[in-house]
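Summary of structural features
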Amino acid sequence: MKITIHGGAREIGGSCIGVQTEDCKVALDYGTKFEESSSNQFPEDFDAVIISHAHLDHSGQLLSLSKKKPVIVGSKITREVTVALLQDMVKVQSKNDYNYPYFKHNANAIREHWWIRDYVALPGMTIKLHPAGHVAGARMTSIHSKNKEVLYTGDFCVHDSEILEGCKTQPLPKKPNVLITESTYGGKVRSPRSELIDEFFRQILAAMERKGNVLIPTFAFHRNQEMAKRIDDAMKKGVLPRYNVYTISNLANKITNTFNENKECFTKKIQRQKQPFNYSHVKHLYRTGQIKEPAVVICTSGFGHAGASLQLLKDWAEDENNSVILTSGYLPPDSPLKSAKEERRFRNNGDMISVKAEIEQIELSGHADQLELVQMVEKLKPERTILVHGDIEQAQALSEEIEEMTEVCIPEKGETIDI
Ligand SMILES: [Zn+2]
């Protein structure tokens, strides 16, 4: 068996791993890099492509396979959300680039070739998918072929969140020959989630007391719904006072409906509610002009590159009463939110905007931190562990923690590992 790291080596973005035997060839994920959306960098001759979850850094390159028509495997909610994100990508990219090679029917073709399965048998190979936490529908993938066992974690999270159960290690294959794991937070130990949530509410309350606005930039998928649900519940319980709270993203709204229609993906508590993602205190708006200030606004894009989050960052950055809450630990180097936070200014169309608003980073992310990653290795006892989906510093820090338990490899892009 050969494992080739086509993307997501020593970095976050463009995840794609090829697993090849004499009889068949599969891809684990087929993602874009955050800053590239149309480049095709991966082989196209796979018999099957397994998509771990619907974040575009794991699924965004699928349009380039729409004519090849390989079997695509993943959970139902991953299919629904991936197709919605690809349709949106086609809409946005074709507006900016008349030569953009894909159309809506290419996104729809992905849906047609998608098998919603947790078990697939291919020539000489069996594939099983296991819940991974992280986001709705996320799966780990185990591949068994000729006495070799490989487990790919995709992005995963062991602890529960308000809406999603964490990954359970018990059903995962023990002592696999190879564990391919993400290492996003390989060098970081996070505070307990309950402390982070308290801090999140403290920040919002402080801005509310100043009659300020709060901007919460998020992805349209999962984090948006998790934030809206958290704030809605807090207002119902009186943890937060009544305030104007909005989500602005038609794509997020569409995904929210998908969440309501697929309640079985979420916690038991969510499943007992009739329409769990129809909020009482959070209103959906279509554009920033509809906001009644002061307000808390959850909107895209997650890194502030475009959309309502860029607009509101520009509008609100210079007022010290306002607050921006970043809930992702990772920000790409060219992200306006990164320079707003670190340099207290950011560039917009040639103008430099200075930042007086508070910018807080509270990492409520759905990734395993170093403790969870090490525990995963302790429990599974893999012979060899391949670290992907993490900057080299994070991967090296994790490697130091686990190298006595397992042989560790931090491959470069394009590297092939024989097992
Ligand atoms: Zn992800």
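Above this note sits the structure.
Cut-off values and rules
- Residues numbered from 1 in each chain as written.
- Predicted model: local features only at pLDDT ≥ 70, side-chain atom pairs only at ≥ 80, totals over all residues.
- Heavy atoms only, no water.
- Phe/Tyr/Trp six-rings, centres within 6.5 Å; stacked < 30°, edge-to-face > 60°.
- Helix = DSSP H or I, 4+ residues; strand = E, 2+ residues; numbered from the N terminus.
- Buried < 20%, exposed > 50% of the residue type's maximum accessible area, 1.4 Å probe, protein only.
- Lys NZ or Arg CZ within 6 Å of the ring centre and 35° of its normal.
- Donors = N, O, S within 2.8 Å, 3.2 Å for Na, K, Ca; no water.
- Tetrahedral: all angles 85-135°; square planar, octahedral: opposite > 155°, others 65-115°.
- Pairing = 2+ DSSP bridges.
- Axes fitted to C-alpha atoms, helices over the stretch in contact; angles between N-to-C directions.
- Contact = heavy atoms within 4.5 Å.
- Patch = residues over 30% accessible without salt bridge, like charges linked within 9 Å, V, L, I, M, F, W, Y side chains within 5 Å.
- Areas by Shrake-Rupley, 256 points an atom, 1.4 Å probe, with all protein chains shown as cover.
- Salt bridge = Lys/Arg side-chain N within 4 Å of Asp/Glu carboxyl O.
- Lys, Arg positive; Asp, Glu negative; His and termini not counted.
- Charge placed at Lys NZ, Arg CZ, Asp CG, Glu CD.

Turning our attention to the packing of aromatic side chains. The relative placement of two aromatic rings is captured by the distance of their centres and the angle of their planes. As enumerated under the stated definition, the model contains nine aromatic pairs in all. Considering the side-chain rings of Y30 and F42, the 5.1 Å spacing of their centres and the 65° angle between planes classify their relative orientation as edge-to-face. Note that Y30 is positioned in the loop between β3 (25-28) and β4 (48-50) and F42 in the loop between β3 and β4, a separation of twelve residues in sequence. Take Y30: its relative accessible area is 0%, and that puts it in the buried class. Aromatic pair F259 and F266: ring centres 4.9 Å apart, planes at 50°, arrangement tilted. Each member of the pair F259 and F266 is classed as buried. Here the aromatic cluster, defined as three or more aromatic residues joined through ring pairs, consists of F221, F259, F266 and F277. In this structure, R230 is placed above the aromatic ring of F200, and the distance from its NZ or CZ to the ring centre is 5.3 Å.

A few words on the coordination of the zinc ion. Expected angles at a metal are 109.5 degrees for tetrahedral coordination by four donors and either 90 or 180 degrees for octahedral coordination by six donors. For the zinc ion, every protein donor is listed as H53 (NE2), H55 (ND1), H134 (NE2) and D155 (OD), and the spread of their distances is 2.2 to 2.3 Å. For the zinc ion, the four donor atoms in the first shell make angles of 92 to 170° at the metal, so the coordination geometry reads as irregular. Ordering the donors of the zinc ion by residue number gives the pattern H-x1-H-x78-H-x20-D. Of this pair, H55 sits in the loop between β4 and α1 (56-59) while H134 sits in the loop between β8 (125-131) and β9 (139-145), and the two are 79 residues apart along the sequence.

Across the sheet, which stays open at both edges, the seven strands sit in the order β6-β5-β4-β3-β2-β1-β22 with mixed pairing between neighbours. Here the strands that pair on one side only, and so sit at the sheet edges, are β6 (114-116) and β22 (416-418). Each strand axis lies, on average, 25° off the axis of its neighbour in the sheet, ignoring direction. Note that strand β2 (residues 16-20) and β3 share four bridges and pair antiparallel. Residue pairing across strands places V19 opposite V26, the latter belonging to β3. Against the sheet, helix α2 (residues 76-96) makes contact with β5 (71-74) and β6, and its axis sits at roughly 150° relative to β6, the strand it touches most.

This next bit is on helix α10 (residues 370-380). For α10, the complete set of buried residues consists of Q370, E372, L373, V374, M376, V377 and L380. Of the surrounding elements, those touching the buried residues of α10 are β9, β10 (148-152), β11 (178-182) and α11 (392-402). After α10 finishes, the residue K381 shows a positive phi value of roughly 50°.

Position of E363 relative to the elements: it lies in the loop between β19 (358-361) and α10. What makes E363 buried here is its relative accessible area of 15%. Residue contacts for E363: discarding those within four places in its chain leaves Y185, K188, R190, L196, T327, S328 and G329.

Together, K91, K95, K104 and K254 line one region of the surface with positive charge. Here K91 lies in helix α2. We classify K91 as exposed; its relative accessible area is 55%.

A few words on unusual backbone geometry. Glycine aside, the phi torsion of most residues is negative, and most peptide linkages are trans. The omega angle of the peptide bond from E293 to P294 is -5°, so this bond is cis rather than trans. Of note, P294 is situated in the loop between β14 (282-285) and β15 (295-299). Following T300, the chain continues to S301 via a peptide bond in cis, the omega torsion being 0°. Despite not being glycine, K175 has its phi angle at roughly 45°, a positive value. Among the secondary structure elements, K175 is positioned in the loop between β10 and β11. According to the relative accessible area criterion, K175 is exposed, its value standing at 61%. Phi is positive for H389, close to 50°, though the residue is something other than glycine.

Take the pattern of salt bridges next. Taken as a whole and assessed by the stated rule, the structure comprises 20 salt bridges. One salt bridge in this structure joins E11 and K33, with 3.2 Å as the shortest N-O distance. One end of the pair, E11, is in the loop between β1 (2-7) and β2; the other, K33, is in the loop between β3 and β4, with 22 residues separating them in the sequence. Take E11: its relative accessible area is 22%, and that puts it in the partly exposed class. In the salt-bridge network here, residues are joined through shared partners; they are E162, R193, R223, E226 and R230.

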